[in-house]
Amino acid sequence: DVKVTQSSRYLVKRTGEKVFLECVQDMDHENMFWYRQDPGLGLRLIYFSYDVKMKEKGDIPEGYSVSREKKERFSLILESASTNQTSMYLCASSFGDRERQPQHFGDGTRLSIL
Amino acid sequence: EDKVVQSPLSLVVHEGDTVTLNCSYEVTNFRSLLWYKQEKKAPTFLFMLTSSGIEKKSGRLSSILDKKELFSILNITATQTGDSAVYLCAVEPSTDKLIFGTGTRLQVFP
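Here's a quick rundown of the structure. (Residues numbered from 1 in each chain as written. Chains lettered and ligands numbered in written order. Predicted model: local features only at pLDDT ≥ 70, side-chain atom pairs only at ≥ 80, totals over all residues. Heavy atoms only, no water.)

We now examine the nonpolar core. Among the nonpolar cores identified, the biggest contains 21 residues, and V4, L33, W35, Y87 and L106 of chain B are the most heavily contacted of them. Looking at this core, the elements with two or more residues in it are β3 (19-26), β4 (32-38), β5 (44-49), β7 (61-66), β8 (71-76), β9 (85-94) and β11 (104-109) of chain B. Core analysis: the next-biggest nonpolar cluster, separate from the first, contains 20 residues, M32, I46, Y47 and I60 of chain A among them. (Core = buried A, V, L, I, M, F, W, Y, C linked by side-chain atoms within 4.5 Å. Buried < 20%, exposed > 50% of the residue type's maximum accessible area, 1.4 Å probe, protein only. Helix = DSSP H or I, 4+ residues; strand = E, 2+ residues; numbered from the N terminus.)

In the structure shown here, the tally under the stated rule is 2 disulfides over all chains. Here C23 of chain A engages in a disulfide with C91 of chain A; their sulfurs sit 1.9 Å apart. Judged by the sign of its S-S torsion, about -75°, the cystine formed by C23 of chain A and C91 of chain A is left-handed. Residue C23 of chain A is found in strand β3 (residues 19-25), and its partner C91 of chain A is found in strand β9 (residues 87-94); the two are separated by 68 residues along the sequence. Overall, C23 of chain A belongs to the buried group, its relative accessible area being 0%. There is a disulfide in this structure between C23 of chain B and C89 of chain B, and the S-S distance comes to 1.9 Å. Here C23 of chain B and C89 of chain B share a disulfide; its torsion about the S-S bond, -70°, makes the bridge left-handed. Here C23 of chain B, found in strand β3, pairs with C89 of chain B, found in strand β9; they are 66 residues apart in sequence, far enough to count as distant. (Disulfide = S-S within 2.5 Å.)

Here we come to the packing of aromatic side chains. The geometry of an aromatic ring pair comes down to the distance between the two centres and the angle between the two planes. Residues and elements named next belong to chain A. For the structure on display, the rule yields 11 aromatic pairs over all chains. Ring geometry for F33 against F48: centres 6.1 Å apart, planes inclined by 20°, an arrangement best described as stacked. In this pair, F33 is assigned in strand β4 (residues 31-38) and F48 in strand β5 (residues 42-49), connecting sequence segments 15 residues apart. Both residues of the pair, F33 and F48, belong to the buried class. (Phe/Tyr/Trp six-rings, centres within 6.5 Å; stacked < 30°, edge-to-face > 60°.)

Before going further, it helps to examine the sheet that holds strand β8 (residues 73-78) of chain A. Residues and elements named next belong to chain A. Spatial strand order, β1-β3-β8-β7: 4 strands in an open sheet with antiparallel pairing. The sheet terminates laterally at β1 (4-6) and β7 (64-70), the two strands that pair on one side only. Neighbour to neighbour, the strand axes of the sheet diverge by 20° on average, direction disregarded. Pairing geometry for β1 and β3, over 3 bridges, is antiparallel. Bridging across to β3, Q6 finds its partner in C23. (Pairing = 2+ DSSP bridges. Axes fitted to C-alpha atoms, helices over the stretch in contact; angles between N-to-C directions.)

Encoded structure:
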């Protein structure tokens, strides 16, 4: 079974802090994704990566950055956390285009910014 | 702008009922449509649909796609309390990216 592991289930941080959310997958997937999920808005794509050291902006990248130094790990960084970044963050991974396989999700990190 | 719309937003039924969840979409390109089930944690994959008119089935769940009318339905027969969840529809308009609807919350009462 595919395993996508997010480092924290719940996290509380303060405004202005630099926040790191970590995601690790064990299936040698090329693609990795970060979404946020808010009531009434669904899942929205923040950033994604097709390969090591490669990143692409999603639909709502403002206030976020990412890092992919190793194939299995994709980190989401909130450079200076703000209260409007309080949300559920979901990481996902999938094989590259040739495989036509679905994205698999981690359990999510519920982040509160005070 | 690409978008995915799910209906109804929420649904309350009794065990044994049959439910139909709807997903309509407008995208510039279409590669596939996916259904996920989300309980308290990770969305779990149910179906991937790429061709019109071919039903995908897994136990009491089934889904079909209509690429001409730009919609898909997810059917659940003989519902059980364990079917209570948010059901997410997503469309893949280009390589590997997904656009999600806001989901349908299904509650099944004994």
